[in-house]
Amino acid sequence: MNVFVGIDIAAKTFDLVIRKNGRSYKVEQFKQTPQGHAKAVKRLQAQAPSLIVMEATGIYYFDLAVALVKAELPVAVINPKSFHHFATLKLTGSKTDGIDSALLAEYGERMEPRLWTPPSENHLGLRDIGRQINRLTATRTQAKNRLHALQAKQATMPMLIEDEQDGIDTLNERIERLTQAALALIAESETLSLHLNNMCAAKGVGRATALIVLAELCVLPKDLKAPQVSRFAGLDVRLTQSGTSVNRPARLSKAGNAYLRGALYMPAMCAAQHDPRARAFSDALVSRGKKKIQAQCAIMRKYLTGLWACMKTETPFDSTLLFSEEHIKS
């Protein structure tokens, strides 16, 4: 008997539906606590499911997924957007936790997603620190913009300018403290240290960028191929072509990791200016009718491929392996 389980995650509870032989049973609710996780594990071990499916909902899925894996239960953690499209395909008119749980169980039965392997605690800690640095950096940019606006007015009270500057100084201190913590985590691992140095060999990739990229990539399964990593970052191209009436321009899907896309934007721009091969590649795309932003995104995708290759092969970043010499010759 094939048994599939769908789990709909919320902040304080999660709903579980068991599906046997194409039939979904009554929804069961458990608390998002260690005790609730233990009860769910005991319930599922008695069912011996073929697969348990849940969405990657914020951070709330993680502790439960780890508890299930430690109990040697098969778990798949799927992209919420993938599940949204599946639910749309099923023409489900209503949306409740019970319906979502049953649909997740059916998703596991029909789509057969890959099993989830939890990353190490160090890698997860590095990712969390990297994301916090990213958020604080965005907040600092907003504060600097506000400071610039205040300084542009002669009538602004000096106290307001001083207050904004104090906020920026505090953010600088927090970012530096977190950066040092991230570097300390990396220093504990020879492999991570090697990856960081290899990434910094890329034109336009400094320590701050390499740290963010490494923090996001280190938690991925090592057997992923370059197109899968591009899809994870939302840098894959989505075509919309159907019949003779629908023929829209290709666009990035952006259905992926926004931290990676944000980290790669400036290095790609720098590469287009200072790396001869990347510049020739960009010029070739523009000469074929592509927009400059499309060429920029293509370089971002190439750079992500190269940085992932640094981690898989443990070799320094090499743009000669990404950009053809033919573009320079032409």
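Look above for the structure.
Draft legend 1. Highlighting the environment of Leu 322. Locating Leu 322 in the fold gives a position in the loop between α12 (292-313) and α13 (325-329). Linking Leu 322 and Arg 277, residues 45 residues apart in sequence, is a C-alpha distance of 8.7 Å.

Draft legend 2. Representation of unusual backbone geometry in the model. Backbone geometry at Glu 72 places phi at a positive 65°, although glycine is not the residue there. As for its position among the elements, Glu 72 is in the loop between α2 (62-70) and β6 (75-78). The residue Glu 314 is not glycine, and still its phi comes out positive at about 55°. Inspection of the secondary structure assignment puts Glu 314 in the loop between α12 and α13. By relative accessible area, Glu 314 is classed as partly exposed at 43%.

Draft legend 3. The arrangement of a nonpolar patch on the surface in detail. Judged by side-chain polarity, Met 157, Met 159 and Leu 160 come together as a nonpolar surface patch covering roughly 300 Å² of accessible area. Turning to its location among the elements, Leu 160 is positioned in helix α6 (residues 158-187).

Draft legend 4. Spatial organisation of the packing of aromatic side chains. Applying the stated rule across the entire model yields eight aromatic pairs. For the ring pair Phe 14 and Phe 30, a centre distance of 5.5 Å and an interplane angle of 20° mean the geometry is stacked. Highlighted residues: Phe 14 in strand β2 (residues 13-20) and Phe 30 in strand β4 (residues 28-31), separated in sequence by 16 residues. Residue Phe 14 is classed as buried on the basis of its relative accessible area, which comes to 0%. On the numbers, 6.3 Å between centres and 75° between planes, the contact of Tyr 61 with Trp 116 is edge-to-face. Placement of Tyr 61 in the loop between β5 (51-55) and α2 and of Trp 116 in the loop between α4 (97-111) and α5 (121-151) is noted, with a sequence separation of 55 residues between them. Residue Tyr 61 is classed as buried on the basis of its relative accessible area of 10%. The exposure class of Trp 116 is buried, given its relative accessible area of 16%. Among the aromatic residues, those joined into a ring-pair cluster are Tyr 61, Phe 62 and Trp 116. Across from the ring centre of Tyr 25, 6.0 Å away, lies the NZ or CZ of Lys 20, which sits over that ring. Over the ring of Phe 281 we find Lys 302; its NZ or CZ atom is 5.2 Å from the centre of that ring.

Conventions and cut-offs
- Residues numbered from 1 in each chain as written.
- Predicted model: local features only at pLDDT ≥ 70, side-chain atom pairs only at ≥ 80, totals over all residues.
- Heavy atoms only, no water.
- Helix = DSSP H or I, 4+ residues; strand = E, 2+ residues; numbered from the N terminus.
- Buried < 20%, exposed > 50% of the residue type's maximum accessible area, 1.4 Å probe, protein only.
- Patch = residues over 30% accessible without salt bridge, like charges linked within 9 Å, V, L, I, M, F, W, Y side chains within 5 Å.
- Areas by Shrake-Rupley, 256 points an atom, 1.4 Å probe, with all protein chains shown as cover.
- Salt bridge = Lys/Arg side-chain N within 4 Å of Asp/Glu carboxyl O.
- Phe/Tyr/Trp six-rings, centres within 6.5 Å; stacked < 30°, edge-to-face > 60°.
- Lys NZ or Arg CZ within 6 Å of the ring centre and 35° of its normal.

Just geometry here; none of it tells us what the structure is for.
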